[in-house]
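Residue-level structure breakdown
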Amino acid sequence: QVQLVESGGGLVQAGDSLRLSCAASGLTFSGYAMGWFRQAPGKERVFVAAINWSGGSTYYGDSVKGRFTISRDNAKSTVYLQMNSLKPEDTAVYYCAAGDLFRSARVPTASRDFGSWGQGTQVTVSS
């Protein structure tokens, strides 16, 4: 059974930084792409960032490009999301997700391409 556990969320001020972590178990972590999504109150879940199984390819949503960085440590079965220059509009619950395809060459970005999800961690950015 795949388990994804996010941590690192919290309340920060605009301009601050946070690093989210997602610890994975129950899967061959090094073989799967990982992604981050977020959902603000009353809105749909949207793509934030993804990284392929090796860590060699990444992809970002337009609203976070240049501010957020996704990375992974396959030895620790953990994926990270470094968030800099946070804005109030970044306020959301952030979800970690594991891709469906083993060692896929493509970096997935759609929710349907991720089969396992964490419970989420709240990030609140005050102005």
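This report concerns the structure included in the present document. (Residues numbered from 1 in each chain as written. Predicted model: local features only at pLDDT ≥ 70, side-chain atom pairs only at ≥ 80, totals over all residues. Heavy atoms only, no water.)

1. Remarks on the pairing of strand 9 (residues 92-102)
Where strand 4 (residues 32-39) lies against strand 9, seven bridges are found, and the strand directions are antiparallel. Across the sheet, the residue bridging to Gln39 is Val93, located in strand 9. Where strand 9 and strand 11 (residues 121-126) come together, three bridges link them in antiparallel fashion. What sits directly across from Tyr94, in strand 11, is Thr121. Sheet topology note: the strand 9/strand 10 (residues 114-117) ladder contains three bridges and is antiparallel. The partner of Ala98 across the bridge, within strand 10, is Ser116. (Pairing = 2+ DSSP bridges. Helix = DSSP H or I, 4+ residues; strand = E, 2+ residues; numbered from the N terminus.)

2. So, the sheet that holds strand 8 (residues 78-83)
Judged by pairing direction, the sheet is antiparallel, and its four strands sit side by side in the order 1-3-8-7 without closing on themselves. At either end of the open sheet lies a strand with only one pairing partner, and these are strand 1 (3-7) and strand 7 (68-73). Strand after strand, the sheet turns through a mean of 15° between neighbouring axes, direction not considered. (Axes fitted to C-alpha atoms, helices over the stretch in contact; angles between N-to-C directions.)

3. Section: the environment of Glu89
Tracing the backbone shows Glu89 in the loop between strand 8 and strand 9. Look at Glu89 and you get exposed, because its relative accessible area is 54%. Taking the C-alpha atoms as reference points, Glu89 and Ser126, separated by 37 residues in sequence, lie 9.2 Å from one another. (Buried < 20%, exposed > 50% of the residue type's maximum accessible area, 1.4 Å probe, protein only.)

In short, the description is geometric, and any link to function would need to be established separately.
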